[in-house]
Structures are given as structure tokens and as C-alpha cells.
Amino acid sequence: MDIMMSELSRRSMLGLFSLAAALPVAGCASVARAAPTAATVPDAWQTRRVRSQTDGLDIVYHEAGRGKPLVIVHGGGSNAEPYRKLGDMLAPHFRVARVERRNYGVSGTRASPISWEQEVGDVSAVVEALGGRCHLFGHSAGALVSLHVARSRPELIDRLALYEPPLLGGGPGVVAVKAKFDALIAEGKKDEALILIYGHFVGLPEDVVRASIGTRGPDVYGLLPGASADLEALTTLDTDPADWAGIKLETLFLVGETSAKHPLRDSSAALAKVLANCRTVTLPGQGHSAQVSAPDLIAQAIGPYFRAG
């Protein structure tokens, strides 16, 4: 995880696939942190529902603001709530929609088999409800969803922004982790399942994960079905960056200065090499959870970028 252990109680469990802090990215633009200013208070968030274009599943999204639609797709081990502050900062300029991804307890839940194409249908339904075209921002596993939308439904997107899609962390190697995770859940060993995930993907020691679980409380267990679904989807992920080269959309990659080199920064760098119309911005002093620790930095990076599109 990209956060210091002393901060775990505040930011715990917000992104299942956040990885340990590492060295900064070289050769990328950096967002300077501006002094806080009084923000325009956005319209109240309205919760709406659509039916997935894939299988008719109930998909919830929260909408605020006015202007061109901007859709936010949250990361793994989370829901849309940790992205509310970011949405508040963007709502004075955009019609923001925070999508609640399937299997995470707010939108509907679907049993296995799980596929990325299902979530393409979810996001597509939201975009069409907003008028049929949008800017799209995805974080972590949500960035992987956004990549799939960009590849299969590019006509829905004006500009794309991706915050550390862990592309190189997927593939068949996740199968054994998924099987052990599901076995622990079946045995009622929910803490151990979380310890497995954070140990395998993040490298956090068991005592730190247990302390984090204790601070967050039982609500964290409601995220486990979504985590299992994401693990299943990761087993089938196309991890060859060259297979994504057909995406011609203007794309902005966000990387945390302290995010783990592999798979986070490595994945963004590999994709940036094959996408024709992209650039990368570094979030100074941040790791994989800047939507919580520094939403203003994300807003400063993607707001002007999307307004120019």
C-alpha cells in the first residue's frame, strides 16, 4: 500500500490493489499543489439507477454538477464514496457521475463467471443515460474497466484519464491467489482473506493489516464479494500492452510519485509506450490513494485536461 503505517487507520481498505511505496517516476510532468481556495459548492448529489447493457443488472451512480459529463470509475476493494471529495471539486465544471461498480454492495451483484465485458456494459449504460458521450476517469481496477470501455466503445469517450491501472499484475498467476481467497471466505476467515490479499499484492505484514481491519470495523467485509470478483476478472486480463495499442483516444496517465514500481508504475509506463495520444503526470508525494489523501492534486491534473477536450 502506498500509505505510511501511521496513516492506515485513516485510509485503510480504500483500494485493494494499492501497492507498497516505491521510488518516483522519472521523466514525467508533475502537478504542483496549489494553495487551497474556496470551492464552488456543487449541486447536491443525486443517486440514480440504470440497467447494465450487458445483463440488465441494477447499476447505481451518483450525479452532481453541470456541464459535460465526466464519469468516475472507482478502484478495487472500495466503492464510490472515497471519490466524493474529488467529485465535489470537479462538479462546478462538469456533470460528474461516480459509478458504483457491480459486486461492491451498492449496485447489483452477479455470481461467477465474471468478465470485464460486464462492466463495459455497466459504464456504457451510465454514459448513455448522461447523453451518450463523456470524459472517463478510472482508478486502479476501475482504470482497467475504463481501458476496456475505451477499446470496445470508444465512441462514448471524448478524453480518457487513467490512474495506475495494474495491467501487469493480472493474468493466470492470479488463479491460485483467487482460489485461496475464496476458500478462506468459505471458511469464515474474512480477516485472513484480507491478510492474504494485502500480503500478496501489497506486501503489508499481518499485524498491520489486522490493525487496519480493526480500525475500519465490520463494514469492510461488505467489500469482499467485489474483491473476489475483481480477482476473478484479473485472472483473464489481457496483460500484453501491445494488445491495447488500438486505443486512439487522448489519454492522460496519473502516477503517484511514491507508488510501487510493479505493477503500478510499470503498467502505466508500458501502456504509455504503445498508446499514440497520451502523456503522463506525476502526483508529487502521493501513492496509489490520492483520491483520499490529495483529491485536489487529481482535480488539478484532470480538470484542465478534460476542459480542454
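The preceding data block contains the structure.
Keep in mind that this is a model prediction, so the values were computed, not measured.

Conventions used here
Numbers given to residues run from 1 along each chain, matching the order in which its sequence is written. Only residues with pLDDT of at least 70 are given local features in this predicted model, and only at 80 or more are side-chain atom pairs given and counted; all residues enter the totals for whole chains, interfaces and linings. To get the side-chain values, all heavy atoms of the structure are used, and hydrogens and water are removed first. Counting from the N terminus, the helices are the DSSP runs of H or I reaching at least four residues and the strands are the DSSP runs of E reaching at least two. Think of it in three bands: with a 1.4 Å probe and only protein chains considered, a residue is buried below 20% of the maximum accessible area for its type, exposed above 50%, and partly exposed in between. Every accessible area reported is derived by Shrake-Rupley at a probe size of 1.4 Å, with residue values counting cover from the shown protein chains alone. The length a helix should cover is 1.5 Å for every residue beyond the first. At least two DSSP bridges between two strands are needed for those strands to be called paired. Contacts are assigned to residue pairs with any non-hydrogen atoms lying within 4.5 Å of each other. Structural elements are reduced to axes, namely lines fitted to C-alpha atoms, with helices fitted over the stretch in contact, and the angle between N-to-C directions of any two is expressed from 0 to 180 degrees. What is meant by a nonpolar core is a set of buried Ala, Val, Leu, Ile, Met, Phe, Trp, Tyr and Cys residues, joined one to another through side-chain atoms within 4.5 Å. By definition here, a salt bridge exists when the distance from a side-chain nitrogen of Lys or Arg to a carboxyl oxygen of Asp or Glu is within 4 Å. Orientation labels follow simple angle bins: below 35 degrees gives roughly parallel, above 145 gives roughly antiparallel, 65 to 115 gives roughly perpendicular, and whatever is left gives oblique. Residues were grouped as follows: Ala, Val, Leu, Ile, Met, Phe, Trp, Tyr, Cys and Pro as nonpolar; Asp, Glu, Lys and Arg as charged; and all remaining residues, including Gly, as polar.

A. Examining the overall build of the protein more closely. For the protein, the helix and strand inventory stands at 11 helices and nine strands. For the protein, the residues scored as buried account for 56% of the 309 residues in total. For the protein, the exposed surface amounts to about 11800 Å²; the carbon and sulfur share of it is 54%.

B. Highlighting helix H3 (residues 116-129). The first and last C-alpha atoms of H3 sit 20 Å apart over 14 residues, in line with the 20 Å expected at 1.5 Å per residue. Burial analysis of H3 places 11 of its 14 residues in the buried class, the great majority of the element. Positive phi appears at Gly131, one or two residues downstream of H3, with a value of about 125°.

C. Main features of the sheet that holds strand E4 (residues 68-73). Taken in spatial order, the nine strands make up an open sheet running E1-E9-E8-E7-E6-E4-E5-E3-E2, and their pairing is mixed. Every interior strand has two partners, whereas the edge strands, strand E1 (29-30) and strand E2 (46-51), have only one. Of the strand pairs in this sheet, E1 and strand E9 (residues 278-283) are connected by two bridges, and their pairing is parallel. In the strand pairing of E9, Ser30 is matched with Thr282. Across the sheet, helix H4 (residues 141-152) is in contact with E4, strand E6 (134-139) and strand E7 (157-163); its angle to E6 comes to roughly 140°.

D. Representation of the nonpolar core within the structure. If you look at the biggest cluster of nonpolar residues, it comprises 57 residues, and the most contacted ones within it are Val71, Val126, Leu136, Ile157 and Phe181. Here Val126 is in contact with Val50, Ile59, Tyr61, Val71, Ala97 and Val99, once residues within four sequence places are set aside. The next biggest cluster of nonpolar side chains, apart from the first, holds 27 residues, and it includes Val31, Tyr83, Leu252 and Leu254.

E. Here's a closer look at the environment of Gly173. Relative to the elements of secondary structure, Gly173 occurs in the loop between E7 and helix H5 (175-186). Accessibility expressed as a relative area gives 60% for Gly173, which makes it exposed. Taking C-alpha positions, Gly173 is 9.2 Å from Leu234, a pair spaced 61 residues apart along the chain.

F. The arrangement of the pattern of salt bridges in detail. Overall, the coordinates contain 20 salt bridges when judged by the stated rule. Asp230 is the partner of Arg101 in a salt bridge, and the nearest nitrogen-oxygen pair spans 2.5 Å. In this pair, Arg101 sits in the loop between strand E5 (94-99) and H3 while Asp230 sits in helix H8 (residues 224-235), placing the two residues 129 residues apart along the sequence. One exposure class covers both Arg101 and Asp230, and it is buried. Measuring nitrogen to oxygen at the nearest pair gives 3.0 Å for the salt bridge that ties Lys261 to Asp266. Ionic contacts of the salt-bridge type, sharing partners, join the residues Asp55, Arg102, Arg110 and Asp122 into one network.

G. The packing of H3 against H4, seen in detail. At their nearest, the axes of H3 and H4 sit 9 Å apart, and the two run at 80° to each other. On the basis of the axis angle, H3 is roughly perpendicular to H4. Contacts between H3 and H4 pair Trp116, Glu117, Glu119, Val120 and Val123 from the former with Ala141, Leu144, Val145, His148, Val149 and Ser152 from the latter. Grouping the amino acids of the contact of H3 with H4 by side-chain chemistry returns seven nonpolar, two polar and two charged.

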